[in-house]
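Examining the three-dimensional arrangement
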Amino acid sequence: MSDRPQLERLCVHETVAQKIPAEAFAEAFDDLDVPVEIVGDDEEFDRTDAVASFRPRESFLDAGWTHCIRAGYDEFDTDAYEDAGVPLTNSTGIHDTTVGEIAVGYMVSLARMLHIYRDHQVENDWYEPTYERPFTVENERLCVVGLGTLGQGIATRADALGMDVVGVRRSEEPVDGVSEIYHPDDLHEAIEDARFVAIAVPHTPETEGMFSAEEFDLMRDDAYLINVARGPIVDEDDLIDALDSGTIAGAGLDVFETEPLPEDNPLWDFEEVIISPHRGSATNRYHLDIADLVKEIFHQYQAGEELRNRVA
């Protein structure tokens, strides 16, 4: 790293606008000691350029360093970056609060029926549920599958609500708020007694289709699936079948196999499914959170230090 040219420019690629306001993001680097420019696909780069982008472009391989503003970097060809000798970093590690809140929000809404009351409010309908239906999340078991940044963010908040939190991950290292940790080989044992199962693992070949008919059959029939990770981790057809047959009670979903979710997808039609448009990390200061991370890595690059969140 130390023999690399110093960075002389930070380029904000226009695709960042798919998630955050590009102008505001660029302005967040006012204290950086290099020029910051918003660029398009016709821009050329050299080893003195840093690039922050939402989508990959082949031209980024000519830059000195590329940053993916998302946590998920599967669209970026890591082998190509390795071959080109260009560091690639991502934005993991900053979503514990945002995604943790939306996951807990799903669970509280599903338990206390807030989503159903809202549906009836639209119809000016004074709806009163059956006595047996509402419940509290306190003392209910939550299984968090994946205890990285997202999973720990969920676990911390669920523990604060008095939930019995267990988790699934390879490391046996204790996690605050998690009473028991299961190895991924014991996933089925971990989920079978949980009222809520929250998916927080990255999308990899190993996790694709991790939840399918077999897992749904093992879950309680009053259990809810929460997915704030990536859509392909869940077999969507099997999930629809499980919801349709009453194999599980419902779901809170922020991610899907196809995004935007097609209008004719049956998931739209389940009363006990809450859908949000992949906005688990969205807040009015998300661009500032990402900018803080990019500035940290920028200074590490300039100092010849190891880069945080380096994935290639």
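Residues numbered from 1 in each chain as written. Predicted model: local features only at pLDDT ≥ 70, side-chain atom pairs only at ≥ 80, totals over all residues. Heavy atoms only, no water.

1. Looking at empty space enclosed by the protein
Formally: Within this scheme a cavity is a closed region of a 1 Å grid, computed over the protein atoms alone, that accommodates a 1.4 Å probe without allowing it to escape, whereas a pocket is open but has protein on both sides within 12 Å along at least five of seven lines; lining residues each have an atom within 4 Å of a point. Grid points are joined across faces, edges and corners, and a volume is the space filled by probe spheres set on the points. When residues are sorted by character, Ala, Val, Leu, Ile, Met, Phe, Trp, Tyr, Cys and Pro go into the nonpolar class, Asp, Glu, Lys and Arg into the charged class, and all the rest, Gly among them, into the polar class.
Tallied over the full model, the rule gives one cavity of 30 Å³ or more. Counted as a void, the largest cavity has a volume near 50 Å³. What lines the largest cavity is simply Asn227, Gly231, Val234, Glu236, Leu239, Leu253, Val255, Phe256, Glu257 and Leu267. Along the lines of polarity and charge, the residues of the lining of the largest cavity split into six nonpolar, two polar and two charged.

2. Observations concerning the nonpolar core
For the record, the criterion: Take the buried Ala, Val, Leu, Ile, Met, Phe, Trp, Tyr and Cys residues and link them wherever side-chain atoms come within 4.5 Å; each set so joined is a nonpolar core. Exposed residues in this analysis have more than 50% of their type's maximum accessible area, buried residues have under 20%, and partly exposed residues fall in between, with area computed by a 1.4 Å probe over protein chains only. To qualify as a helix, a DSSP run of H or I must reach at least 4 residues; to qualify as a strand, a run of E must reach at least 2; elements of each kind are numbered from the N terminus.
The biggest cluster of nonpolar side chains holds 33 residues, and the ones touching the most others in it are Val145, Phe211, Phe216, Leu225 and Leu239. Of all elements in the fold, only strand S6 (141-145), strand S7 (164-168), helix H6 (187-191), strand S9 (196-199), helix H8 (236-245) and strand S11 (250-253) reach the threshold of two or more residues within this core. When residues in this core are grouped by element, the largest group, four residues, is from H8.

3. Details of the pattern of salt bridges
Going by this rule: For this analysis, a salt bridge means a side-chain nitrogen from Lys or Arg found within 4 Å of a carboxyl oxygen belonging to Asp or Glu.
One pass over the full model with this rule turns up 14 salt bridges. Here Asp31 and Lys295 are joined by a salt bridge, their closest N and O atoms 3.3 Å apart. Of the two residues, Asp31 is situated in the loop between helix H1 (22-27) and strand S2 (36-39) and Lys295 in helix H9 (residues 286-302); the sequence distance between them amounts to 264 residues. For Asp289, the salt bridge identified is with Arg285, shortest N-O distance 3.1 Å. Of the residues examined, Arg285 reaches a relative accessible area of 38% and is grouped as partly exposed. Linked through salt bridges whose partners overlap, the residues forming this network are Arg9, Glu37, Glu43 and Asp49.

4. Describing unusual backbone geometry
A cis amide bond links Glu259 with the next residue in sequence, Pro260, at an omega value of 0 degrees. Relative to the assigned elements, Pro260 resides in the loop between S11 and strand S12 (273-275). In this model, Asn124 sits at a positive phi of 55 degrees, which is unusual for a non-glycine residue. On the secondary structure map, Asn124 appears in the loop between helix H4 (114-122) and S6.

5. Regarding the sheet that holds strand S5 (residues 88-89)
The criterion, for reference: For two strands to count as paired, DSSP must find a minimum of two bridges between them.
Strand order in the open sheet formed by five strands is S2-S1-S3-S4-S5, with parallel pairing between adjacent strands. Unpaired on one side and paired on the other, S2 and S5 mark the two borders of the sheet.

6. Digging into the pairing of strand S4 (residues 65-68)
Operational definition: With the strands pointing away from the viewer, any crossover whose connection runs clockwise from the first strand over the helix to the second is right-handed.
The two faces of S4 match: Trp65 and His67 on one face and Thr66 and Cys68 on the other face are all buried. Examined bridge by bridge, S4 and S5 share two bridges and lie parallel to one another. Each bridged residue has a counterpart across the sheet, and for Thr66 the counterpart in S5 is Leu88. Note that the unit made of S4, helix H2 (residues 78-84) and S5 has a crossover that is right-handed.

Functional significance is not addressed by these values, which are geometric in nature.
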